[in-house]
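Below are the chains, spelled out letter by letter.
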Amino acid sequence: MAITLRVNRQAHTVDCAPNTLLVDVLREKLRLTGTHVGCDTSQCGACTVHVDGRSVKSCTMLAVEAADAEITTIEGLASSADGSSGRSGLADGGNLHPMQAAFQECHGLQCGFCTPGMVMSATDLCRRNPKPTEHEVRHWLEGNLCRCTGYHNIVKAVLAGAEAMGGKAK
Amino acid sequence: MKDFQFHRPSSVAEAVALLKARPDAKLLSGGQSLIPVLKLDLAEPSDLISLAGIGELRDIRVDGDRIVIGALVTHDAVHRSPEVQQHIPALATLAGTIGDAQVRNRGTLGGSVAHADPAADYPAALLALGATIATDRRKIAADDFFTGLFETALERDEVVVAVHFPIPKRAAYAKFSHRASKYALVGVMVVDTGHNVRVAVTGAGPKVFRHANIEGILERDFAVDALAAASTPPDELNGDLEASAEYRAHLITVMARRAVQACL
């Protein structure tokens with residue numbers, strides 16, 4: 001069946017079976033491979049994207065369910081509403097989103113596999129709760145697993161990213 | 001995942017008609033339990049009928065002495081609802097502990113209730129609060145709804161529309177979570193309705209159940225220390241890799257004490 005998805009503010013019409021997962025359309029059809037598949041059992045959160053602004057696991061949603069929604073992946077985060085940090089670093093030469101910049105600054109990653117999901121999840125948190133406490137950050141990230149167990153710097157990065165995002169809004 | 005036909009009806013009546021016409025169809029709500037089940041090929045429905053296009057199932061409203069929450073309301077929306085926070089704060093808190101943030105953004109009240117996972121949180125709230133499940137054709141008391149392991153009183157072609165929660169005098173939920181899945185190893189909801197005390201336990205047995213012994217104790221004396229006399233026979237509780245039946249029996253009293261403490 002043909003479905004039209006709006007991904008990173010651009011409409012794409014793709015042909016896929018009803019049992020196709022959103023993550024598979026993003027990665028295989030649209031080649032947006034920044035969204036990772038870590039566990040495939042709905043636990044690790046590496047596949048987290050925003051659907052209508054809310055973080056969801058794209059391995060636990062059918063592509064056809066996302067047909068009317070606005071989807072943002074890690075590739076589109078820096079050009080979203082709360083935008084750019086002014087710090088370069090993207091593959092296309094563009095600037096990082098403030099949360100991405102905070103992960104880089106705080107070394108909030110080791111192998112980097114869980115990072116796109118962590119950044120997407122953290123951004124959803126900070127948009128809704130601009131000044132989260134450390135406890136709130138840790139509770140929120142329960143759906144994102146880091147196999148390197150580098151949580152300490154990830155939490156530091158989210159707190160710094162929250163401040164940077166809040167700073168922009170003022 | 002096996003292939004299936006996908007439908008997106010725009011009314012409850014249309015969803016019921018699709019279910020009647022397709023005996024191997026399943027309803028899809030938030031999909032946070034169903035899609036993992038499909039990915040493991042534990043279910044192979046011929047058709048998936050998404051309820052997402054039925055806007056009327058997304059309402060939360062206060063109706064006299066109860067809160068009515070639509071079947072499609074997400075756990076996150078219940079957690080953040082000013083109405084729920086004001087009138088049944090324990091329910092708002094409970095919803096904020098289900099799964100993780102991503103699951104709460106997609107998972108729905110109706111989906112959780114119809115799925116009836118023996119370790120899900122909502123069933124404890126429905127049973128302890130004395131909620132009523134409204135479907136396309138009738139109203140079912142929570143006491144009659146949860147009939148067994150993933151089993152409910154719903155007919156095959158019946159659709160959950162909303163849940164009616166009576167507003168209690170005081171209530172609290174305490175759970176001991178599995179560290180990875182966040183499902184309840186034991187979750188206890190304690191409710192003082194103003195007329196009686198209702199206590200429901202999830203995660204510990206093959207289905208959610210009311211705890212008559214603890215209800216009796218708390219009706220005589222609604223106090224943490226009164227629960228020193230509480231006991232649960234472990235015979236019918238789950239024992240597994242995570243926790244023995246005896247440990248779960250012990251946790252029931254501990255969680256009940258925490259819930260009563262939170263009520264006071």
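Computed from a predicted model, the values in this text were never measured in an experiment.

**Quick word on the overall build of chain A**
Line of reasoning, step 1. Within chain A one finds 6 helices and 5 strands.
Line of reasoning, step 2. Reading the secondary structure of chain A in the N-to-C direction produces β-β-α-β-β-β-α-α-α-α-α.
Line of reasoning, step 3. In terms of C-alpha radius of gyration, chain A reaches 15 Å, essentially the compact-globule figure of 15 Å for 170 residues.
Line of reasoning, step 4. In terms of principal-axis extent, the alpha carbons of chain A reach across some 45 × 30 × 25 Å.
Line of reasoning, step 5. Considering chain A as a whole, with its 170 residues, one finds that 54% of them fall into the buried category.

**As for the sheet that holds strand β13 (residues 197-202) of chain B**
Residues and elements named next belong to chain B.
Line of reasoning, step 1. Pairing in this open sheet of 4 strands is antiparallel, and the strands run β11-β12-β13-β14 from one edge to the other. Because the sheet does not close on itself, it has two edges, and the strands there are β11 (170-177) and β14 (209-210).
Line of reasoning, step 2. Sheet analysis places β11 next to strand β12 (residues 184-192), joined by 8 bridges and oriented antiparallel. For Lys 175, the partnering residue across the bridge sits in β12 and is Gly 187.
Line of reasoning, step 3. Set on the sheet, helix α8 (residues 122-129) makes contact with β11, β12, β13 and β14; between it and β13 the angle comes to about 160 degrees.
Line of reasoning, step 4. Strands in contact with helix α10 (residues 212-220) are β12, β13 and β14; relative to β13, the strand with the most contacts, it is inclined by about 150 degrees.

**A look at the domain arrangement of chain B**
Line of reasoning, step 1. Partitioning chain B into structural domains gives domain 1 (5-50), domain 2 (55-166) and domain 3 (170-263).
Line of reasoning, step 2. With centres defined by C-alpha atoms, the gap from domain 1 of chain B to domain 3 of chain B works out at 34 Å.

**Quick look at the sheet that holds strand β2 (residues 25-28) of chain B**
All names here are of chain B.
Line of reasoning, step 1. Spatial ordering of the open sheet is given by β1-β3-β2, a layout of 3 strands whose pairing is parallel. Each edge of the open sheet carries a strand with a single partner, namely β1 (5-7) and β2. Neighbouring strand axes in the sheet, compared pairwise and without regard to direction, differ in orientation by 25 degrees on average.
Line of reasoning, step 2. With 3 bridges connecting them, β1 and strand β3 (residues 47-50) associate as parallel partners. Its bridge partner being in β3, Phe 6 is matched across the sheet by Leu 48.
Line of reasoning, step 3. Together, β1, β2 and β3 form the strand contacts of helix α1 (residues 12-21), whose direction differs from that of β3 by roughly 170 degrees.

**Examining the pairing of β2 of chain B**
Residues and elements named next belong to chain B.
Line of reasoning, step 1. Here β2 runs beside β3; their pairing, made up of 4 bridges, is parallel. Opposite Lys 26, over in β3, you have Leu 48 as the bridge partner.
Line of reasoning, step 2. Note that the unit made of β2, helix α2 (residues 34-39) and β3 has a crossover that is right-handed.

**Some points on the interface of chain B and chain A**
Line of reasoning, step 1. Taken together, the 26 residues of chain B in the interface contact 28 residues of chain A.
Line of reasoning, step 2. Buried surface at the junction of chain B and chain A, both sides included, amounts to about 2,200 Å², of which 53% is carbon and sulfur.
Line of reasoning, step 3. Its largest share of buried area at the contact with chain A, chain B owes to Lys 39, Gln 102 and Arg 106 of chain B, together 27% of the area lost on that side.
Line of reasoning, step 4. With a shortest N-O distance of 3.5 Å, Glu 142 of chain A and Lys 182 of chain B are connected by a salt bridge.
Line of reasoning, step 5. Where chain B meets chain A, there are 14 residue pairs in polar contact (both at pLDDT 80 or more).
Line of reasoning, step 6. Counting only elements with at least two residues in the side of chain B that touches chain A, the list comes to α2, α3 (75-80) and α6 (101-106) of chain B.
Line of reasoning, step 7. Tallying contributions element by element places α6 of chain B first for the side of chain B that touches chain A, with 6 residues.
Line of reasoning, step 8. Class assignment for the residues of the side of chain B that touches chain A results in 9 nonpolar, 7 polar and 10 charged.

What counts and what doesn't
Residues numbered from 1 in each chain as written. Chains lettered and ligands numbered in written order. Predicted model: local features only at pLDDT ≥ 70, side-chain atom pairs only at ≥ 80, totals over all residues. Heavy atoms only, no water. Helix = DSSP H or I, 4+ residues; strand = E, 2+ residues; numbered from the N terminus. Rg over C-alpha atoms; globule rule 2.2 N^0.38 Å. Buried < 20%, exposed > 50% of the residue type's maximum accessible area, 1.4 Å probe, protein only. Pairing = 2+ DSSP bridges. Contact = heavy atoms within 4.5 Å. Axes fitted to C-alpha atoms, helices over the stretch in contact; angles between N-to-C directions. Domains from an automatic or database assignment. Right-handed = clockwise from strand over helix to strand, strands pointing away. Buried area = accessible area lost by both parts, 1.4 Å probe. Salt bridge = Lys/Arg side-chain N within 4 Å of Asp/Glu carboxyl O. Polar contact = N/O pair within 3.5 Å; in protein donor to acceptor, adjacent residues only side chain to side chain. Nonpolar A, V, L, I, M, F, W, Y, C, P; charged D, E, K, R; others polar.

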